Amino acid sequence: MNRSKAPLALMGQLLMVLFFALTAAICLQAFAKSETISQKSADRDAASLLAQNAAETIKSVHGEMGRASALLGGSVKDGTWTFRGDASGRYAENGAYRVLAERIESGEDGLGRACVRVFDAAENEIVSLICSWQEVLG
């Protein structure tokens, strides 16, 4: 009746290793997910900066897309200003982001409006904003 306690100790060790492996797997998943979230946040920040730069430029030239294009770059076709930008929020001919800006109807006399949208390389819209400015009446 003198039984060894070795199998019981071995089972306890095995349970601890299993618990450690499970905990490590959960931590690795959380780490991988945080990298994805961080990248999306960086994309959104860069796209927001590009959209803000474009909106401020449009407001400064009172919605004249040709003048905005001359200041920041890109091209205007059928009244729509398009340019590419990089992660630093600046114009870049081969930038990862595409910015599209076009005038929209405001419905108010003396108020100009434009919609600025930023797309990623896969053409997913990241940011969209509307800017307004006071028109010169006369």
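**Notes on unusual backbone geometry**
Backbone phi values are negative for most residues with the exception of glycine, while trans is the configuration of most peptide bonds.
And step 1. With a phi angle near 55 degrees, Asp 78 is a residue other than glycine that sits in the positive phi range.
And step 2. Summarising the element assignment, Asp 78 is placed in the loop between β1 (75-77) and β2 (80-85).
And step 3. Judged by relative accessible area, which is 74%, Asp 78 ranks as exposed.
And step 4. Not every positive phi belongs to a glycine, and Glu 123 is a case in point at roughly 65 degrees.
And step 5. Mapped onto the elements of the fold, Glu 123 is located in the loop between β4 (111-119) and β5 (125-134).

**What about the pairing of strand β3 (residues 97-104)?**
And step 1. Judged from the six bridges that link them, β2 and β3 form a sheet pairing that is antiparallel. Bridging from a neighbouring strand, Arg 84 pairs with Arg 98 of β3.
And step 2. Bridge count between β3 and β4: seven bridges; the pairing is antiparallel. When the sheet's bridge partners are listed, Leu 100 is paired in β4 with Arg 117.

**As for the sheet that holds β3**
And step 1. Pairing in this open sheet of five strands is antiparallel, and the strands run β1-β2-β3-β4-β5 from one edge to the other. What marks the edges here is a single partner per strand, and that holds for β1 and β5. On average, adjacent strands in this sheet sit at an angle of 20 degrees to one another, irrespective of strand direction.
And step 2. In the packing of helix α1 (residues 6-60) onto the sheet, the strands contacted are β2, β3, β4 and β5, and the crossing angle to β5 comes to about 20 degrees.
And step 3. The strands touched by helix α2 (residues 65-72) are β1, β2, β3 and β4; relative to β2, the strand with the most contacts, the crossing angle is about 15 degrees.

**Some points on α1**
And step 1. Between its first and last C-alpha, α1 extends 81 Å over 55 residues, near the 81 Å set by a 1.5 Å rise per residue.
And step 2. Those residues of α1 not exposed but buried are Ala 46, Ala 47, Leu 50, Ala 51, Ala 54, Ala 55, Thr 57 and Ile 58.

**Topic: the packing of aromatic side chains**
And step 1. This structure, assessed with the given rule, holds two aromatic pairs.
And step 2. Both rings, one in Phe 83 and one in Tyr 91, keep their centres 6.3 Å apart while their planes meet at 45 degrees; by these two values the pair is tilted.
And step 3. Ring pairs connect the aromatic residues Trp 81, Phe 83 and Tyr 91, which therefore count as one cluster.

**Side note on the pattern of salt bridges**
And step 1. Scanning all chains against the criterion turns up five salt bridges.
And step 2. In this structure, Glu 56 engages Lys 59 in a salt bridge whose closest nitrogen and oxygen atoms are separated by 3.5 Å. Of the two residues, Glu 56 and Lys 59 both sit in helix α1, three residues apart, roughly one turn of that helix.
And step 3. When the shortest N-O distance is used, the salt bridge between Arg 117 and Glu 125 registers 3.6 Å.
And step 4. Overall, the relative accessible area of 41% leaves Glu 125 in the partly exposed class.

**Focus: a nonpolar patch on the surface**
And step 1. There is a patch of nonpolar side chains on the surface, built from Met 11, Leu 15 and Leu 18 and spanning about 340 Å² of accessible area.
And step 2. Note on placement: Met 11 falls in helix α1.

Here is what the cut-offs are and how they apply
- Residues numbered from 1 in each chain as written.
- Predicted model: local features only at pLDDT ≥ 70, side-chain atom pairs only at ≥ 80, totals over all residues.
- Heavy atoms only, no water.
- Helix = DSSP H or I, 4+ residues; strand = E, 2+ residues; numbered from the N terminus.
- Buried < 20%, exposed > 50% of the residue type's maximum accessible area, 1.4 Å probe, protein only.
- Pairing = 2+ DSSP bridges.
- Axes fitted to C-alpha atoms, helices over the stretch in contact; angles between N-to-C directions.
- Contact = heavy atoms within 4.5 Å.
- Expected span 1.5 Å × (residues − 1).
- Phe/Tyr/Trp six-rings, centres within 6.5 Å; stacked < 30°, edge-to-face > 60°.
- Salt bridge = Lys/Arg side-chain N within 4 Å of Asp/Glu carboxyl O.
- Patch = residues over 30% accessible without salt bridge, like charges linked within 9 Å, V, L, I, M, F, W, Y side chains within 5 Å.
- Areas by Shrake-Rupley, 256 points an atom, 1.4 Å probe, with all protein chains shown as cover.

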